Amino acid sequence: MHIEIDEIAKEFGTARALHPVSLSIPSGALIALLGPSGSGKTTLLRILAGLEFPSSGRVLFDAREATGLSVQERRAGFVFQHYALFRHMTVFENVAYGLRARPRRARLPEAEIGRRVKRLLDLIQLPDIGARYPSQLSGGQRQRVALARALAIEPRMLLLDEPFGALDAKVRKELRQGLREIHDATGLTTVFVTHDQEEALALADLVVIMSMGRIEQVGRPTDIRARPASDFVRDFTAA
């Protein structure tokens, strides 16, 4: 799905989280929103998800107006930093949750739900953990399960908010590669938020560098490194 962000701005009371920003996200691309805390990247992601609404501007999905759509209507798979798994449910039940929560007329047969969950556990390379509970998993395994749950609903886009921030460096590196492989396998338009420049430059097709609610530069990782557009970009990516 092609995403067009057209002059989106967001205020919280008297505080401006986003100045008018515009961004075109190609269908099937893996995009990183990169910047320090307070740069507006998570606010922009939440607007894409429908968890926040802009003060002004528009969002378009495949050239169709989407600014006022609900979370459900947007069909976004969302992955949080702290997993947000249901502790009282098994891994299988967590992944199946979105499928079972559909209205009865749209709900798949239980056998098909089972097949879909199995395919997703294979995709995240954890085929044998369906009967376990989140408390029995490592942090990296929980994040993989959160990703499988986001994919189960067959989303139109995948949105990730600091998905590896709570993990140690070795696990983060492994999951980065896993996310890239899953993205390539699904072809979903994927947007992830990070403050880690190494992560963004290693993983993304395009990097969007943000500061103080504004977009400083958009480009391929090699271009960002070779031709920073401002002193901020140069200093931030060199840190």
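Below, the structure is looked at part by part. In this text, all values refer to a predicted model and were calculated from it rather than measured experimentally.

Thresholds applied
- Residues numbered from 1 in each chain as written.
- Predicted model: local features only at pLDDT ≥ 70, side-chain atom pairs only at ≥ 80, totals over all residues.
- Heavy atoms only, no water.
- Core = buried A, V, L, I, M, F, W, Y, C linked by side-chain atoms within 4.5 Å.
- Buried < 20%, exposed > 50% of the residue type's maximum accessible area, 1.4 Å probe, protein only.
- Helix = DSSP H or I, 4+ residues; strand = E, 2+ residues; numbered from the N terminus.
- Contact = heavy atoms within 4.5 Å.
- Phe/Tyr/Trp six-rings, centres within 6.5 Å; stacked < 30°, edge-to-face > 60°.
- Salt bridge = Lys/Arg side-chain N within 4 Å of Asp/Glu carboxyl O.
- Pairing = 2+ DSSP bridges.

## With respect to the nonpolar core
Consideration 1: If you look at the biggest cluster of nonpolar residues, it comprises 42 residues, and the most contacted ones within it are V95, V145, L147, L158 and V207.
Consideration 2: Tallying contributions element by element places helix α5 (residues 139–152) first for this core, with seven residues.
Consideration 3: In contact with L147, not counting residues within four places along its chain, are V79, L158, L160, L179 and I182.
Consideration 4: Listed in part, the 27 residues of the second largest apolar core include L18, L48, V59 and A76.

## Focus: the packing of aromatic side chains
Consideration 1: Within the structure shown, the criterion is met by three aromatic pairs.
Consideration 2: The interplanar angle of 45° and the centroid separation of 4.6 Å between the aromatic rings of F78 and F80 together place this pair among those described as tilted.
Consideration 3: We classify F78 as buried; its relative accessible area is 15%.
Consideration 4: Classification of F80 as partly exposed rests on a relative accessible area of 34%.
Consideration 5: Here the aromatic rings of F86 and Y97 are separated by 4.8 Å at their centres, their planes lie at 55°, and the arrangement is tilted. Taken as a pair, F86 in the loop between β6 (76–79) and α3 (91–100) and Y97 in helix α3 lie far apart in primary sequence, 11 residues in all.
Consideration 6: Taking relative accessible area as the criterion, F86 reaches 29% and is therefore assigned partly exposed.
Consideration 7: A residue is classified by how much of its surface remains accessible, and Y97, at 39% relative accessible area, is partly exposed.

## With respect to unusual backbone geometry
Consideration 1: Backbone geometry places E7, a non-glycine residue, at a positive phi of 55°.
Consideration 2: For E7, the position within the fold is in strand β1 (residues 3–12).
Consideration 3: Notably, E162 is not glycine yet its phi reads approximately 45°, a positive angle.
Consideration 4: Tracing the backbone through its elements, the reader meets E162 in the loop between β7 (157–161) and α6 (169–186).

## Concerning the pattern of salt bridges
Consideration 1: For the structure shown, the criterion picks out 19 salt bridges.
Consideration 2: For R227, the salt bridge goes to D223, with nearest N and O atoms at 2.6 Å.
Consideration 3: R234 is paired through a salt bridge with D231; the nearest N and O atoms lie 2.8 Å apart. With a gap of three residues between them, R234 and D231 both fall in helix α9 (residues 231–238), about one helical turn apart.
Consideration 4: For D231, a relative accessible area of 54% gives the class exposed.

## Focus on the pairing of strand β4 (residues 56–61)
Consideration 1: By the bridge criterion, five bridges tie β1 to β4 in an arrangement that is antiparallel. When the sheet's bridge partners are listed, A9 is paired in β4 with S56.
Consideration 2: In the sheet, β4 pairs with strand β5 (residues 64–65) via two bridges, with the strands oriented antiparallel. Bridge pairing in β5 links L60 to E65.
Consideration 3: Joining the antiparallel neighbours β4 and β5 is a turn of two residues, in which D62 adopts a positive phi near 50°.

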